[in-house]
Amino acid sequence: MNLKIDQERLISEIEALSKFSDAEAPAVTRIVFTPTDLKARDWMKSLCRDAGLAIRKDAIGNTFARWIGSDPLAPAVGTGSHIDAIPNAGKFDGVVGVLGGLEAIRALQRAGFRPRHSIELLVFTAEEPTRFGVGCLGSRLLSGTLSADAAAKLIDKDGQPVEEVRRKAGFSGDLREVKLPAGYYKAFVELHIEQGPVLERERQPLGIVEQIAAPASLYVTVEGSGGHAGGVLMRDRRDALCAAAELILALEHAARSTGAIDTVATVGICDVFPGAINSIPARVRLGIDVRDTSLARRDRVIADLEDACRKTTAQRQVSIRSELLNADAPAESGPEIVATLRQACEKHGLRFLPMTSRAYHDSLFMSRIAPMAMLFIPCRNGYSHRPDEYASPEDIARGTLVLAETLAMLSE
Ligand code: GLV
Ligand code: MN
Ligand code: MN
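All values derive from a computational prediction rather than experimental measurement.

S.K.: Account for the overall build of the protein, with residues named and values stated.
M.R.: For the protein, the count of helices and strands is 12 helices and 17 strands. In summary, the protein has a C-alpha radius of gyration of 22 Å against a globular reference of 22 Å for 412 residues, a match within 12%. Buried positions account for 54% of the 412 residues belonging to the protein. Put simply, 79% of the contacts in the protein that link residues at least 6 apart link residues at least 24 apart. Put simply, the protein shows about 17400 Å² of open surface, and 51% of that area lies on carbon and sulfur atoms. Taken as two groups, the 50 positive and 54 negative side-chain charges of the protein have centres that lie 1 Å from each other.

S.K.: I'd like to hear about the site of ligand 1, residue by residue, with values.
M.R.: Near ligand 1, the surroundings consist of Glu 127, Glu 128, Arg 291, Ala 359, Tyr 360 and His 385. One nitrogen or oxygen atom from the main chain of Tyr 360 is found 2.8 Å from an oxygen atom belonging to ligand 1. Between His 385 and ligand 1, the recorded distance is 3.3 Å, taken from a side-chain N or O atom to an oxygen atom. Considering ligand 1 on its own, with 190 Å² of exposed area, one finds that the protein chains cover 92% of that surface. For the shell around ligand 1, the class distribution of residues is two nonpolar, one polar and three charged.

S.K.: Quick rundown of the pattern of salt bridges? Include the residues and the values.
M.R.: Following the criterion strictly, the structure yields 30 salt bridges and no others. A salt bridge links Lys 347 to Glu 405, with the nearest nitrogen and oxygen atoms 3.1 Å apart. Here Glu 405 lies in helix H12 (residues 393-411) and Lys 347 lies in helix H10 (residues 335-347), a separation of 58 residues in the sequence. Taken together, the shared-partner salt bridges connect Arg 9, Glu 13, Glu 103, Arg 106 and Arg 110 into one network.

S.K.: So what's going on with the coordination of the manganese ion (ligand 2)? Which residues, and what values?
M.R.: Each protein donor to the manganese ion (ligand 2) is listed here as Asp 93 (OD), Glu 128 (OE) and His 385 (NE2); together their distances run 2.0 to 2.1 Å. One chain supplies every donor to the manganese ion (ligand 2), and in sequence these donors are spaced D-x34-E-x256-H.

S.K.: Describe the sheet that holds strand E13 (residues 283-292), listing the residues and the values that go with them.
M.R.: Spatially, the four strands line up as an open sheet ordered E11-E13-E9-E14, and their pairing is antiparallel. If you trace the sheet from one side to the other, it starts and ends with strand E11 (264-273) and strand E14 (319-327), each paired once. The average angle at which neighbouring strand axes cross in this sheet is 15°, direction not considered. Across 10 bridges, the pairing between strand E9 (residues 214-223) and E13 is antiparallel.

S.K.: Break down the coordination of the manganese ion (ligand 3) for me, with residues and values.
M.R.: Of the protein atoms, only His 82 (NE2), Asp 93 (OD) and His 192 (NE2) coordinate the manganese ion (ligand 3), at distances of 2.0 to 2.3 Å. The sequence pattern formed by the donor residues of the manganese ion (ligand 3) is H-x10-D-x98-H. Between the manganese ion (ligand 3) and the manganese ion (ligand 2), a spacing of 3.7 Å is present, and a bridge between the two is formed by Asp 93. Taken as a pair, His 82 in strand E4 (residues 76-82) and Asp 93 in the loop between strand E5 (85-89) and helix H3 (95-110) lie far apart in primary sequence, 11 residues in all.

S.K.: Could you give an account of the domain arrangement of the protein, naming the residues involved and the relevant values?
M.R.: When cut into domains, the protein gives domain 1 (7-213 + 330-411) and domain 2 (214-327). Once you take the C-alpha centre of each, domain 1 and domain 2 turn out to be 33 Å apart. Tallying the contact residues gives 12 residues for domain 1 and 12 residues for domain 2. Carbon and sulfur atoms make up 60% of the area that domain 1 and domain 2 hide from each other, which totals about 940 Å². Taken as a group, Ala 213, Pro 330 and Arg 358 account for 51% of the area that domain 1 buries against domain 2, more than any other trio of residues on that side. Applying the counting criterion to the domain 1 and domain 2 interface returns one salt bridge. Across the pair Asp 262 and Arg 358 runs a salt bridge whose closest N-O atoms are separated by 3.1 Å. Looking at the side of domain 1 that touches domain 2 residue by residue, the classes come out as seven nonpolar, three polar and two charged.

S.K.: Please give an account of the packing of aromatic side chains that cites residues and values.
M.R.: Going through the model one piece at a time under the given rule, you end up with eight aromatic pairs. Each residue in the set Phe 64, Phe 124, Tyr 184, Tyr 185 and Phe 188 is aromatic and connected to the rest through ring pairs, giving one cluster. One residue, Arg 283, lies across the ring of Phe 273, its end atom 4.3 Å from the ring centre. Positioned above the aromatic ring of Tyr 383, the side-chain terminus of Arg 386 is 3.4 Å from the ring centre.

S.K.: Describe in detail the environment of Asp 71, supporting the description with residues and values.
M.R.: Inspection of the secondary structure puts Asp 71 in the loop between strand E3 (63-67) and E4. A sequence separation of 44 residues divides Asp 71 from Pro 115, and the C-alpha atoms of the two residues are 8.3 Å apart.

S.K.: Can you lay out the pairing of strand E2 (residues 54-57) for me, pointing to particular residues and giving the numbers?
M.R.: In this sheet, E3 lies alongside E2 in antiparallel orientation, the contact comprising four bridges. For Ile 55, the partnering residue across the bridge sits in E3 and is Ala 65.

S.K.: Any details on helix H9 (residues 295-316)? Residues and values, ideally.
M.R.: Every α-helical turn comprises 3.6 residues, leaving residues that sit three or four positions apart pointing alike. For H9, built from 22 residues, the straight-helix expectation of 32 Å at 1.5 Å per residue is met to within 8% by its first-to-last C-alpha distance of 31 Å. Taken as a whole, H9 has its buried residues at Arg 298, Val 301, Ile 302, Leu 305, Ala 308, Cys 309 and Thr 312. One side of H9 holds all its buried residues, which, seen down the axis, span an arc of 110°. Exposed and oriented more than 90 degrees from the buried face of H9 are Ala 296, Arg 310, Lys 311 and Ala 314. In this structure, the buried residues of H9 make contact with E9, helix H8 (240-256), E13 and E14. Count one or two residues on from H9 and you reach Gln 317, which has phi positive near 50°.

Rules of the game
Residues numbered from 1 in each chain as written. Chains lettered and ligands numbered in written order. Predicted model: local features only at pLDDT ≥ 70, side-chain atom pairs only at ≥ 80, totals over all residues. Heavy atoms only, no water. Helix = DSSP H or I, 4+ residues; strand = E, 2+ residues; numbered from the N terminus. Rg over C-alpha atoms; globule rule 2.2 N^0.38 Å. Buried < 20%, exposed > 50% of the residue type's maximum accessible area, 1.4 Å probe, protein only. Contact = heavy atoms within 4.5 Å. Areas by Shrake-Rupley, 256 points an atom, 1.4 Å probe, with all protein chains shown as cover. Lys, Arg positive; Asp, Glu negative; His and termini not counted. Charge placed at Lys NZ, Arg CZ, Asp CG, Glu CD. Near = heavy atom within 4 Å. Polar contact = N/O pair within 3.5 Å; in protein donor to acceptor, adjacent residues only side chain to side chain. Nonpolar A, V, L, I, M, F, W, Y, C, P; charged D, E, K, R; others polar. Salt bridge = Lys/Arg side-chain N within 4 Å of Asp/Glu carboxyl O. Donors = N, O, S within 2.8 Å, 3.2 Å for Na, K, Ca; no water. Pairing = 2+ DSSP bridges. Axes fitted to C-alpha atoms, helices over the stretch in contact; angles between N-to-C directions. Domains from an automatic or database assignment. Buried area = accessible area lost by both parts, 1.4 Å probe. Phe/Tyr/Trp six-rings, centres within 6.5 Å; stacked < 30°, edge-to-face > 60°. Lys NZ or Arg CZ within 6 Å of the ring centre and 35° of its normal. Expected span 1.5 Å × (residues − 1). Arc of directions from axis to C-beta.

Below, the structure written as structure tokens:
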């Protein structure tokens, strides 16, 4: 099979998709179900239609573009990723897996390959947690990790229920029907930028992911007492932000002191109320993300944070409540999919590194319903979730080639 990736077309499509953005270039902001996201989805669907793929969407907006195999009833081979982007993001996170997945299919078509199992490109809804607080909304529902009832109760940052937001975006139907039937996929493979520095540092062109770390996120709200920044004496204060600062540092200390490289903890949201320079913070809400490959270690960090909450409550006479948004188990890749990815690399004479993904991906949840593995390509300096995120055209094309070869082997 003469498999050739159209690198120029793929890169120009990545550029074109980055123009659907609510931030000024080179930054990309594309929050799920905004008019910008909906336009990007329409554009994406038109590319899939041009490739002759059969398209369907489900009630949460996951989009499936299928190249129907010669045995249409056999379980499909899935690939894909997401096109939503956090505020002030780059062009490549998720996008490489979606447009690379499409180009892999087109390359197989051009090479005259005929799959026996259908090959299906998936564009997942809301991999990013920006709007609804929880990441991987689409794949959580597809895999049954999140129930339809729990999903329907989610509200966005402006207090709009998910039910209303999705219907306004044109996705009606019953959320209970999003869950895929058992055996729907034979395998799932996701191409993604590494979002870390390892491949670049080790001078390896590809990474084959063997496990995905266990993510957890929570909101911690600290209530103190507000007041006049000039009038209230220091000794009389119950400043919610000072209390929150102690929690942030306690979390950092807990994560650092496990001694494991895979323990990471981040406070990415700090909402201060009322947020006036001459007003003592009365309330602070922290958005906290904790991850580890070891569930026990991750949960110990969360337990340490809870201890710090109790200590700070007593010492600073504030009240603190926490709300767990998600605490997921890690995922192991399917050994047979890892072996196929290795074989595909070897066939093209490409070196690879076995890897752990500390970032989460829709594949974490797809692993609950199908054997899964991921293929990583390097990204400059390991940067991601920032506008200067960059993967080279050669690395993107190389990853797409190996993806195409892997899809071919899995779908025969
Ligand atoms: C995905 O975007 C993650 O936060 O790992
Ligand atoms: Mn991301
Ligand atoms: Mn991603």
